[in-house]
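This is what each chain is made of:
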There are 2 protein chains.
Amino acid sequence: MDIEQHKIPQATAKRLPLYYRFINNLHSQGKLRVSSKELSEAVKVDSATIRRDFSYFGALGKKGYGYNVEYLLSFFRKTLDQDEITKVALIGVGNLGTAFLHYNFMKNNNTKIEYAFDSNPEKVGTEIGGVPVKHIDKLEDIVKGDITAAILTVPSAAAQGITDRLVHSGVSGILNFTPARITVPEHIRVHHIDLSIELQALVYFLKHYPLEAGEEQEE
Amino acid sequence: MDIEQHKIPQATAKRLPLYYRFINNLHSQGKLRVSSKELSEAVKVDSATIRRDFSYFGALGKKGYGYNVEYLLSFFRKTLDQDEITKVALIGVGNLGTAFLHYNFMKNNNTKIEYAFDSNPEKVGTEIGGVPVKHIDKLEDIVKGDITAAILTVPSAAAQGITDRLVHSGVSGILNFTPARITVPEHIRVHHIDLSIELQALVYFLKHYPLEAGEEQEE
DNA sequence: GGCAGATTGTGAAAAACTTAACGACTATCT
DNA sequence: AGATAGTCGTTAAGTTTTTCACAATCTGCC
């Protein structure tokens, strides 16, 4: 089964959590069916792309009818949540880290932030958004063998050092919010999200790609 | 000149701010020249892609030599900063909003957050990261005609309402950090960044696309 | 039961993006 | 001066992603 999964395009994989959330919304609103066109308007993805994305998983809909929300939801739950919850650690309880901890993650979600780490003694020992804050010195002890992924919200000067310790403690993925581009062994996956770059890119697009009626938006 | 700019692929445009920052770093480290290979290792983008990206702007480098850091920097400054600074407003001074305000934006940057808005009377009137916090009721008065883009860091229930007010006040771009997919007229550009989806996508990739030696990383 | 209208799933084409490969050129070493 | 190693810009090939467009087929109504 894992072999076949490889046929799902990465672009599709990135949209799955988005679909999942909106289907969840529809379900809690009591909606029974939805068409690719409706969904398209809600998530801002072309309806043909949605149908194509869904089709990678087989025939989830019915012609002339659309998709059954209940069925779609249970399908996504099975596909995305897959067995067990992924345990995550968050490093760096500044403003950004705190924002993450307050996010209501467990809703519709296959991930749980188990621990946060910081070096500030005023924060260590407290609990934020239900997540205990540990001292950064304990990183290896606590993470080792138990945690799969890490969210990196430390100052960029500390990024590579903490990364090395995370890799050494066996995490397989890092969500890097620092401006530093961290270096990791080949088997570790890193996604970078850089707030400053996102803003600059938006501004560049505003200046150089003014939207005319009919042009579409992208992520 | 603006007409020709349209030939730059969007994928390239998104990488420009990243290149810009690293070239800046190199420059402040006193480095005089850099090759696409070196740069590739620093920013984690294939060296051929970098050469291709740069080439959209003409011949910036010298064969057998590489790129002159000083020249590259002045070129990017001209291209990205383009005349004047873009004025930005931030709506919602929660943890995420505060993180943004503390970001050192003006460094290497063509954008400035001029005002923040919130409804909390304890925050209104203060200044965070050098940015004055105004009451949300004043949004239209202050934004109108002066502000080009907005960063939306409000609770998702408020997202569409604030969006409508921003559009009405004449902003052309919105960086939306709420999980809601907002609806705007066609001439307004929206970039969505959804923290929860980023985490879920990372986890999905970890489970279904385990990295082997030789596979590459993407954003 | 039958028909009008709706909507999927997908083949095929187009578009967008990345990567490999190489000719042309530079710098430096001996 | 010639040899060597390094590097760009670009052509061409490859890959991935999006979009079009429509037959197949289901629903809902009469």
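Residues numbered from 1 in each chain as written. Chains lettered and ligands numbered in written order. Predicted model: local features only at pLDDT ≥ 70, side-chain atom pairs only at ≥ 80, totals over all residues. Heavy atoms only, no water.

Participant: Honestly, the protein's contact with DNA strand C in this entry has me stumped. Any pointers?
Facilitator: Taken together, 25 residues sit near DNA strand C, with Ser36, Arg52, Gly61 and Tyr67 of chain A together with Lys63 of chain B positioned nearest. When the atoms of DNA strand C within 4 Å of the protein are sorted by group, sugar and phosphate make up 57%. In this structure, a phosphate oxygen belonging to DNA strand C sits 2.6 Å away from a main-chain N or O atom of Ser36 of chain A. Contact between DNA strand C and Arg52 of chain A: a base oxygen at 2.6 Å from a side-chain N or O atom of the residue. Going through the elements one at a time, α4 (47-55) of chain A together with α2 (10-28) and α4 (47-55) of chain B are the ones with two or more residues in the surface near DNA strand C. Among the residues making up the surface near DNA strand C, the classes are represented as seven nonpolar, nine polar and nine charged. (Near = heavy atom within 4 Å. Polar contact = N/O pair within 3.5 Å; in protein donor to acceptor, adjacent residues only side chain to side chain. Helix = DSSP H or I, 4+ residues; strand = E, 2+ residues; numbered from the N terminus. Nonpolar A, V, L, I, M, F, W, Y, C, P; charged D, E, K, R; others polar.)

Participant: Which parts of the structure should I look at to understand the nonpolar core?
Facilitator: Where a protein is soluble and globular, its nonpolar side chains tend to be buried together. Formed by 44 residues in total, the largest nonpolar core has its most connected members in Ile151 of chain A together with Ile151 of chain B. Beyond its immediate stretch of four places on either side in the chain, Ile151 of chain B contacts Leu199 of chain A together with Val88, Ala89, Leu90, Ile91, Phe100, Ile113, Leu175 and Phe177 of chain B. (Core = buried A, V, L, I, M, F, W, Y, C linked by side-chain atoms within 4.5 Å. Buried < 20%, exposed > 50% of the residue type's maximum accessible area, 1.4 Å probe, protein only. Contact = heavy atoms within 4.5 Å.)

Participant: Sorry if this is basic, but what is going on with the UniProt feature "DNA-binding region" (unreviewed entry) in chain A here?
Facilitator: Under the UniProt annotation, the feature "DNA-binding region" (unreviewed entry) is placed at residues 18-57 of chain A. Regarding residues 18-57 of chain A, the helix share stands at 70% and the strand share at 5%, and the terminal C-alpha atoms are separated by 16 Å. (UniProt positions renumbered as here; feature names shortened; annotations may be inferred.)

Participant: I tried to follow the protein's contact with DNA strand D on my own but got confused; where do I start?
Facilitator: Around DNA strand D sit 27 residues, and of these Arg15 and Arg52 of chain A together with Ser36, Gly61 and Gly64 of chain B come closest. In the interface set of DNA strand D, defined as its atoms within 4 Å of the protein, sugar plus phosphate atoms amount to 62%. In the model, a phosphate oxygen of DNA strand D is placed 3.1 Å from a nitrogen or oxygen of the Arg33 of chain A side chain. Thr49 of chain A places a side-chain nitrogen or oxygen 3.4 Å from a phosphate oxygen of DNA strand D. Elements supplying a minimum of two residues to the surface near DNA strand D: α2 (10-28) and α4 of chain A together with α4 of chain B. Within the surface near DNA strand D, the residues separate by chemical class into seven nonpolar, nine polar and 11 charged.

Participant: Is there a simple way to think about the side chain of Ser40 of chain A in this case?
Facilitator: All names here are of chain A. When you line up the elements, Ser40 lands in helix α3 (residues 36-43). Residue class for Ser40 comes out buried when judged on its relative accessible area of 15%. In this structure, Ser40 is in contact with Val45, Asp46, Ser47 and Ile50, ignoring residues within four places of it in sequence.

Participant: I tried to follow the relation of the copies chain B and chain A on my own but got confused; where do I start?
Facilitator: One copy of the chain maps onto the other through a rotation about an axis followed by a shift along the same axis. Rotating chain B by 180 degrees and moving it 0.0 Å along the rotation axis overlays it on chain A with an RMSD of 0.1 Å. The transformation relating the two chain copies, once decomposed into turn and shift, fits a two-fold axis. (Least-squares fit on C-alpha atoms with pLDDT ≥ 70 in both.)

Participant: In this structure, what is going on with the pairing of strand β6 (residues 131-135) of chain A? I would like to understand it.
Facilitator: Here is the key point about a regular strand: its side chains alternate between the two faces of the sheet. Residue and element names in this part refer to chain A. Bridge count between strand β4 (residues 111-118) and β6: three bridges; the pairing is parallel. Directly across from Asp118, in β6, lies its bridge partner His135. With two bridges joining them, strand β5 (residues 127-128) and β6 adopt antiparallel strand pairing. Considered in β6, the bridge of Glu127 is made with Pro132. Linking β5 back to β6 in an antiparallel pair, the connection comprises two residues, with Gly129 at a positive phi of about 55 degrees. (Pairing = 2+ DSSP bridges.)

Participant: Just to check I follow, could you spell out the interface of chain B and chain A for this structure?
Facilitator: Where the parts come together, the accessible area they lose is often given as the size of the interface. Residue-level contacts link 80 residues of chain B with 80 residues of chain A. Together chain B and chain A conceal approximately 7800 Å² of surface at their shared face, both sides included; 58% is due to carbon and sulfur atoms. On the surface where chain B and chain A come into contact, there are two salt bridges. One salt bridge in this structure joins Asp194 of chain B and Arg21 of chain A, with 2.1 Å as the shortest N-O distance. Here chain B and chain A share 13 residue pairs in polar contact (both at pLDDT 80 or more) between them. It is helix α9 (residues 195-208) of chain B that provides the largest number of residues to the side of chain B that touches chain A, a total of 14 residues. Taken together, the residues that form the side of chain B that touches chain A break down as 41 nonpolar, 25 polar and 14 charged. (Buried area = accessible area lost by both parts, 1.4 Å probe. Salt bridge = Lys/Arg side-chain N within 4 Å of Asp/Glu carboxyl O.)

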